[in-house]
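What follows is each chain in one-letter form.
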Amino acid sequence: MKLGSITPILRIFDEAKAREFYVDYLGFTVDWDHRFGPGMPLYLQVSRGDCVLHLSEHHGDCCPGAALRIEVDDVDGLHAELTAKQYGYARPGIEDTPWETRELSVKDPFGNRLTFAG
């Protein structure tokens, strides 16, 4: 039996803030979005490279405060890219860990932590 890739679902509360953080700041692309009708909660998929995330306003899908580890081949390059954007709500640094990785952690506006590790 072979297990496939995973797609984490992260809770969001505000579409504009989610797009500002994930698309404008982190550089993800919106692949698709869905609502069951006008005024209904948003569910969308964003991706960057092989990293695919689902973002949901539906309260039953997941809880805020998740933590993800995302492999990245150039932590320093990602750090330089994010720093150049002068995002008003985050200025992440790079940490050299005791387990010999370089990591950049940033929290989204909804309390979810994304750690990019290389």
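Everything quoted here is computed from the prediction, not taken from an experiment. (Residues numbered from 1 in each chain as written. Predicted model: local features only at pLDDT ≥ 70, side-chain atom pairs only at ≥ 80, totals over all residues. Heavy atoms only, no water.)

Trainee: It is not clear to me how the overall build of the chain should be interpreted in this structure. Could you clarify?
Mentor: In terms of regular secondary structure, the chain is built from 2 helices and 8 strands. The C-alpha atoms of the chain give 15 Å as radius of gyration, which agrees with the globular expectation for 118 residues (13 Å, within 12%). In the chain, which comprises 118 residues, the proportion classed as buried is 38%. Intrachain contacts of the chain at a sequence separation of at least 6 include 52% that bridge at least 24 residues. Distance from the positive charge centre (12 side chains) to the negative charge centre (19 side chains) of the chain: 4 Å. (Helix = DSSP H or I, 4+ residues; strand = E, 2+ residues; numbered from the N terminus. Rg over C-alpha atoms; globule rule 2.2 N^0.38 Å. Buried < 20%, exposed > 50% of the residue type's maximum accessible area, 1.4 Å probe, protein only. Contact = heavy atoms within 4.5 Å. Lys, Arg positive; Asp, Glu negative; His and termini not counted. Charge placed at Lys NZ, Arg CZ, Asp CG, Glu CD.)

Trainee: Please explain the sheet that holds strand β6 (residues 94-96) as it appears in this structure.
Mentor: Within a sheet, adjacent strands bond to each other through the backbone by hydrogen bonds, running parallel or antiparallel. Strand order across the open sheet formed by 4 strands is β5-β8-β7-β6, with mixed pairing between neighbours. Lying at the two open borders of the sheet, with one neighbouring strand each, are β5 (67-71) and β6. For this sheet the average axis-to-axis angle between neighbouring strands, irrespective of direction, equals 30°. Pairing analysis gives 3 bridges linking β6 to strand β7 (residues 102-107), with the strands arranged antiparallel. Directly across from I94, in β7, lies its bridge partner L104. (Pairing = 2+ DSSP bridges. Axes fitted to C-alpha atoms, helices over the stretch in contact; angles between N-to-C directions.)

Trainee: Sorry if this is basic, but what is going on with the environment of T29 here?
Mentor: One can find T29 in strand β2 (residues 29-34). Owing to a relative accessible area of 46%, T29 belongs among the partly exposed residues under this scheme. Here T29 is in contact with Q45, V46 and S47, once residues within four sequence places are set aside.

Trainee: How do you make sense of the side chain of T115 when you look at a structure like this?
Mentor: Its location among the elements puts T115 in strand β8 (residues 113-117). For T115, a relative accessible area of 6% puts it in the buried group. In terms of polar contacts, T115 uses its side chain to reach the side chain of S105, at 2.7 Å. Discounting residues that sit within four places of it in the chain, T115 has contacts with L68, R69, I70, E103, L104 and S105. (Polar contact = N/O pair within 3.5 Å; in protein donor to acceptor, adjacent residues only side chain to side chain.)

Trainee: What is the right way to read the nonpolar core from this model?
Mentor: Nonpolar side chains tend toward joint burial in soluble globular proteins. Core analysis: the largest hydrophobic core is formed by 26 residues, its most contacted members being Y22, L26, L53 and L114. Of all the secondary structure elements, the ones that give two or more residues to this core are α1 (15-25), β3 (43-48), β4 (51-56), β5, α2 (75-84), β7 and β8. At 4 residues, α1 tops the list of elements feeding residues into this core. If sequence neighbours within four positions are ignored, L26 has contacts with F21, R48, E81, L82, K85, V106, L114 and F116. (Core = buried A, V, L, I, M, F, W, Y, C linked by side-chain atoms within 4.5 Å.)

Trainee: Before we go on, may I ask you to explain the UniProt feature "domain: VOC" (unreviewed entry) in the chain in this structure?
Mentor: With numbering matched to this structure, UniProt assigns "domain: VOC" (unreviewed entry) to residues 2-118. Secondary structure across residues 2-118 comprises 18% helix and 34% strand; the distance between its end C-alpha atoms is 25 Å. (UniProt positions renumbered as here; feature names shortened; annotations may be inferred.)

Trainee: Is there a simple way to explain unusual backbone geometry in this structure?
Mentor: The phi angle of most residues is negative, glycine excepted, and most peptide bonds adopt the trans form. At Q86, a position not held by glycine, the phi torsion is positive, near 50°. Structurally, the position occupied by Q86 is in the loop between α2 and β6. Owing to a relative accessible area of 51%, Q86 belongs among the exposed residues under this scheme. Although it is not a glycine, E100 adopts a positive phi angle of roughly 65°. Within the secondary structure layout, E100 lies in the loop between β6 and β7. Given the relative accessible area of 75%, E100 is considered exposed.

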